[in-house]
Amino acid sequence: MSSLESWTLGTHTYDGVSHATYRKGGGPGVIVIHEIPGITPAVLEFAEDVVARGFTVVMPSLFGRPGAEATALEIVRSIAAVCVSREFTMFALGRTTPVATWLRSLAGELHRELGGPGVGAVGMCLTGGYALAMLADAPVAAPVLAQPASPAPVGRARRADLGLSRRDLESVKAKVDAGCQVLGLRYENDPAVGTRFDTLRRELGDGFIAVEFPGRKHATLTEHRQQAGVDRVLAFFEEKLQPPAETAP
């Protein structure tokens, strides 16, 4: 089993807010944003796959105990921490989560260091829409939304909401119109995702690529891992972030 011991522990601070980060690999940058309850072994396994494909992966630890299993107790602890934190929104409509500004700063720092067309970003579950929020105002060239589940799907409006302010949604749409694509993954009958994929199709048109699997499971890249989904994400990162190989004369 993979261990965080092989990752470099760091920190990133923006506007007085600091979070620990874990970094590994080389090549273009990819930010892996963990789901509830935190950086679990399954999240780490996915991140190691990204590293193995030739990317520099940075995992911020936003909540939870890094490395802990996804037990019921860990999930309850993380949800409680998120609910009382001013960095996260779980129920607000038409609002970008405050932690997005911190993530945008992290993306900007990584891109300035590594260069290239931009960085990749993947969010999961509660953080599933964060990659989209980062696209609005950060050098993100490969945003991935894995089972986006925020705001909590309580009521028709929240089930469809993307967790973005109107201004950020317009910024995202402008970037998509300019050629940036957005990749989304879900199980077709996952109630946590609500009707967000319908909203994404309507707002982003052909710029939204949906990868959907049958069933009612949830975590496409981690606890209920679909290898076809992992492979599609890795291919997306390669296509958008890695320069094409030079052709020999």
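Treat the numbers as computed from the prediction; the structure is a model and nothing was measured.

The rules behind these values
Residues numbered from 1 in each chain as written. Predicted model: local features only at pLDDT ≥ 70, side-chain atom pairs only at ≥ 80, totals over all residues. Heavy atoms only, no water. Helix = DSSP H or I, 4+ residues; strand = E, 2+ residues; numbered from the N terminus. Rg over C-alpha atoms; globule rule 2.2 N^0.38 Å. Buried < 20%, exposed > 50% of the residue type's maximum accessible area, 1.4 Å probe, protein only. Contact = heavy atoms within 4.5 Å. Areas by Shrake-Rupley, 256 points an atom, 1.4 Å probe, with all protein chains shown as cover. Lys, Arg positive; Asp, Glu negative; His and termini not counted. Charge placed at Lys NZ, Arg CZ, Asp CG, Glu CD. UniProt positions renumbered as here; feature names shortened; annotations may be inferred. Core = buried A, V, L, I, M, F, W, Y, C linked by side-chain atoms within 4.5 Å. Phe/Tyr/Trp six-rings, centres within 6.5 Å; stacked < 30°, edge-to-face > 60°. Pairing = 2+ DSSP bridges. Right-handed = clockwise from strand over helix to strand, strands pointing away.

A. Layout of the overall build of the protein. Counting its secondary structure elements, the protein contains eight helices and eight strands. Taken over the C-alpha trace, the protein has a radius of gyration of 17 Å; the compact-globule value for 249 residues is 18 Å, and the two agree within 12%. With the C-alpha coordinates aligned to their principal axes, the bounding extent of the protein is approximately 60 × 40 × 40 Å. Out of the 249 residues belonging to the protein, those deemed buried represent 54%. Restricting to contacts in the protein with at least 6 residues of sequence separation, those with at least 24 account for 74%. Working note: accessible area of the protein is about 10,800 Å², and carbon and sulfur atoms make up 52% of it. Here the protein carries 25 positive and 27 negative side-chain charges, and the mean point of each set is 6 Å from the other.

B. Representation of the UniProt feature "domain: Dienelactone hydrolase" (unreviewed entry) in the protein in the model. According to UniProt, the positions carrying the feature "domain: Dienelactone hydrolase" (unreviewed entry) are residues 27–155. Structurally, residues 27–155 comprises 36% helix and 18% strand, and the distance from its first C-alpha atom to its last is 43 Å.

C. Representation of the nonpolar core in the model. Grouped together as the largest cluster of nonpolar side chains are 41 residues, with contacts concentrated most on Leu 132, Met 134, Val 140, Val 172, Val 182, Leu 200 and Leu 204. Secondary structure elements with two or more residues in this core: helix 3 (99–114), strand 5 (119–124), helix 4 (130–135), strand 6 (140–146), helix 6 (166–177) and helix 7 (196–204). Examining the composition of this core, we find that seven residues originate from one element, helix 3, more than from any other. What Leu 204 contacts, discounting residues up to four positions off in sequence, is Leu 132, Val 172, Lys 173, Val 176 and Val 182.

D. Main features of the packing of aromatic side chains. Counted under the stated rule, the structure contains four aromatic pairs. Measuring from ring centre to ring centre gives 6.0 Å for Phe 55 and Phe 237, while their planes differ by 65 degrees; the resulting arrangement is edge-to-face. Of the two residues, Phe 55 is situated in the loop between helix 1 (41–52) and strand 4 (56–61) and Phe 237 in helix 8 (residues 227–241); the sequence distance between them amounts to 182 residues. Assigned by exposure class, Phe 55 and Phe 237 land together as buried. Measuring from ring centre to ring centre gives 6.0 Å for Tyr 187 and Phe 213, while their planes differ by 50 degrees; the resulting arrangement is tilted. Within this pair, whereas Tyr 187 is found in strand 7 (residues 182–187), its partner Phe 213 is found in strand 8 (residues 208–213), the two being separated by 26 residues in sequence. Its relative accessible area of 2% is what places Tyr 187 among the buried residues.

E. Seen up close, the pairing of strand 8. In this sheet, strand 8 lies alongside strand 7 in parallel orientation, the contact comprising six bridges. What sits directly across from Tyr 187, in strand 8, is Phe 213. The β-α-β motif built from strand 7, the intervening helix 7 and the parallel element strand 8 has right-handed crossover chirality.

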